[in-house]
Amino acid sequence: MTPELSQLLSDAGLDPQVVDNLVRTALAEDGEVDVTSMPIFAPEDVAAGDLKAREDGVVAGVPVACVVFEALDVAYEAKVEDGDRVVPGQVLISVSGPTRAVLRAERTALNLLTHLSGIATATRKWMDAMSGTKAKVRDTRKTLPGLRALQKYAVKCGGGVNHRMGLYDAALIKDNHVAAAGSITKAYEAIRAVYPSLHIQVECDTLAQVEEAIAVGARSILLDNMTDAEMTEAVRFVDGRAELEASGGLTLDRARDVAVTGVDYLAVGALSHSARVFDIGLDFT
């Protein structure tokens, strides 16, 4: 990987080595020989093409796709930056090189680019739906194995906010923790005794649990599967003493109604586990 591309990934908050490993694993899945292209094209045959958007949306993963092309010695030129809004027909990346290499790179590059752009586009739709409120959409740990860093990066490209990256950087006390520990208070105090400065979020199903979480000192509360009226009451009761995040069964149609309750975040696992791929194609020129 060139230093320039490595730096671009680093500036985006991505580990260049992790991305490179992912790309090489993906390319290896296609095997050693392209039995379609090899008989048709000679090694000296060359081709050029453009990766174009086929719908309106937000692009994410351009430097990641470029890693694919670079790995196969295909020349590339990015025409947009991650986070840009794009329209149908807009060129995202121009490529040129040996025809066999361009075709080998095509699907892997598109798989990554369409998936990440789909997440960014979905995220932007949530943010647009909540425009004018203080609420932001936030992702979860419901990610595809091996793709968490990229999927969370795509959420940021769409204007969303990342939640914890794993089980190591923040605590989230959920219903099973409470059931096993005996109460929110016992679970919270056990974590705080071991990690005095760790960010702890408490999941609450009822307003009574919100009161208990505040009493024990929680500064971040997840309002799980509450009605809009219950969330409004939770916002009133908490009165700025903790950040509040709505979670459970949220849909884009409900986004604004939930946002106007006064919560700070909406947790949407669908951003990573169910986002539709963004339509992009490679057209030879």
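Each chain carries its own residue numbering, running from 1 in the written order of its sequence. Residues qualify for local features only when their pLDDT is at least 70, as the model is predicted, and side-chain atom pairs are given and counted only at 80 or more; totals for whole chains, interfaces and linings, by contrast, use all residues. As a convention, hydrogens and water are excluded, and side-chain values are obtained from all of the structure's heavy atoms.

The protein chain carries the name nicotinate-nucleotide diphosphorylase (carboxylating) in an unreviewed UniProt entry, which gives Actinomadura meridiana as its organism. Regarding the protein chain, the UniProt comment filed under Catalytic activity (unreviewed entry) reads as follows: "nicotinate beta-D-ribonucleotide + CO2 + diphosphate = quinolinate + 5-phospho-alpha-D-ribose 1-diphosphate + 2 H(+)". UniProt positions are given in the numbering used here, feature names are shortened, and annotations may be inferred rather than shown by experiment.

Q: Break down the nonpolar core for me, citing the residues and quoting the values.
A: Note that soluble globular proteins tend to have their nonpolar side chains buried in a common cluster. To form a nonpolar core, buried Ala, Val, Leu, Ile, Met, Phe, Trp, Tyr and Cys residues must be joined to one another through side-chain atoms within 4.5 Å. Buried means the residue's accessible area, taken with a 1.4 Å probe over protein chains only, is under 20% of the maximum for its type, while exposed means over 50%, and partly exposed covers the values in between. Counting residues in hydrophobic clusters, the biggest one holds 81 residues, and the most contacted among them are Leu51, Leu92, Ile93, Leu113, Ile221, Leu223 and Leu266. Only DSSP runs of H or I reaching four residues or more are called helices, and only runs of E reaching two or more are called strands; each is numbered from the N terminus. Top contributing element to this core by residue count: helix H5 (residues 99-129), with 12 residues. The contact definition used throughout considers only heavy atoms, calling two residues in contact when any of these lie within 4.5 Å. Contacts of Leu266, omitting those with residues within four sequence positions, involve Trp126, Met130, Ala135, Lys136, Val137, Arg138, Glu245, Ala246, Leu250, Ala255, Val258 and Ala259.

Q: An account of helix H2 (residues 16-28) is requested, with residue identities and associated values reported.
A: For H2, with 13 residues, the first-to-last C-alpha span of 18 Å sits near the 18 Å given by 1.5 Å per residue. Those residues of H2 that sit buried are Pro16, Val19, Asp20, Val23, Ala26 and Leu27. All buried residues of H2 fall inside an arc of 130° around its axis, so they share one side. In this structure, the buried residues of H2 make contact with helix H1 (3-11), helix H4 (62-71), H5 and helix H6 (148-157). Every helix has an expected span of 1.5 Å times one less than the residues it contains. As used here, the arc belongs to the directions running from the helix axis to the C-beta atoms.

Q: Quick one: what's the story with H4, residue by residue and with numbers?
A: Summarising burial for H4: 9 of the 10 residues are buried, a large majority. Those residues of H4 lying buried are Val62, Pro63, Val64, Ala65, Cys66, Val67, Val68, Phe69 and Glu70. Where H4 terminates, the next one or two residues include Asp73, which has phi positive at roughly 60°.

Q: Residue-level account of a nonpolar patch on the surface, with values.
A: Here, patches come from residues exposed beyond 30% relative accessible area and free of salt bridges, joined within 9 Å for like charges and within 5 Å for nonpolar side chains (Val, Leu, Ile, Met, Phe, Trp, Tyr). Surface accessibility follows the Shrake-Rupley procedure with a 1.4 Å probe radius. Residue values consider only the protein chains on display as shielding. A pairing counts as a salt bridge when a side-chain nitrogen of Lys or Arg comes within 4 Å of a carboxyl oxygen of Asp or Glu. Together, Val33, Val35 and Met38 give the surface a local cluster of nonpolar side chains, amounting to about 280 Å² of exposed area. You can see Met38 is positioned in helix H3 (residues 37-40).

Q: Can you tell me about the UniProt feature "domain: Quinolinate phosphoribosyl transferase N-terminal" (unreviewed entry) in the protein chain, naming the residues and giving the values?
A: When the UniProt feature table is mapped onto this chain, "domain: Quinolinate phosphoribosyl transferase N-terminal" (unreviewed entry) is found at residues 34-117. Overall, residues 34-117 shows 39% helix and 29% strand. The separation of its end C-alpha atoms is 27 Å.

Q: Can you lay out the pattern of salt bridges for me, pointing to particular residues and giving the numbers?
A: Counted according to the given criterion, the structure contains 13 salt bridges. Across the pair Asp283 and Arg54 runs a salt bridge whose closest N-O atoms are separated by 3.4 Å. Pair noted here: Asp283 is in strand S12 (residues 280-284) and Arg54 is in the loop between strand S1 (46-53) and strand S2 (57-58), with a separation of 229 residues, a long-range link. Within the structure, one salt-bridge network assembled from shared partners comprises Arg85, Arg124 and Asp128.

Q: For the state of the cysteines, give the residues involved together with the corresponding values.
A: To count as a disulfide, a pair of cysteine sulfur atoms needs to be within 2.5 Å. In the structure shown here, the tally under the stated rule is 0 disulfides. The closest cysteine sulfur to the non-disulfide-bonded Cys157 is located on Cys66, 13 Å from its own sulfur.

Q: Now, about the pairing of strand S8 (residues 200-204): what can you tell me, with residues and values included?
A: In terms of burial, S8 is largely enclosed, as 5 of its 5 residues are buried. Because side chains alternate across S8, one face comprises the buried residues Ile200, Val202 and Cys204, and the other comprises Gln201 and Glu203, equally buried. Strands qualify as paired when DSSP identifies two bridges or more between them. In this sheet, S8 lies alongside strand S7 (residues 171-173) in parallel orientation, the contact comprising 3 bridges. Counterpart to Leu172 in the pairing with S8 is Gln201. Bridging between S8 and strand S9 (residues 220-224) involves 3 bridges; their strand directions are parallel. Opposite Glu203, over in S9, you have Leu222 as the bridge partner. When the strands point away from the viewer, a crossover counts as right-handed if the path from the first strand over the helix to the second runs clockwise. For the handedness criterion, the β-α-β arrangement of S8, helix H9 (residues 207-216) and S9 is classed as right-handed.

Q: How would you sum up the sheet that holds strand S5 (residues 91-98)? Please name residues and give values.
A: Across the sheet, 4 strands lie side by side as S3-S5-S1-S12; this open sheet has antiparallel pairing. Each edge of the sheet is formed by a strand with only one pairing partner; in this case those strands are strand S3 (75-78) and S12. Ignoring strand direction, the axes of neighbouring strands in this sheet form an average angle of 20°. Direction of pairing for S1 relative to S12: antiparallel, over a ladder of 5 bridges. Its bridge partner lying in S12, Lys52 is registered against Gly281. Its contacts with the sheet place H5 against S1, S5 and S12, and it is angled at close to 160° to S12. Each axis is a line fitted through C-alpha atoms, taken for helices only over the stretch in contact, and angles between the N-to-C directions span 0 to 180 degrees.

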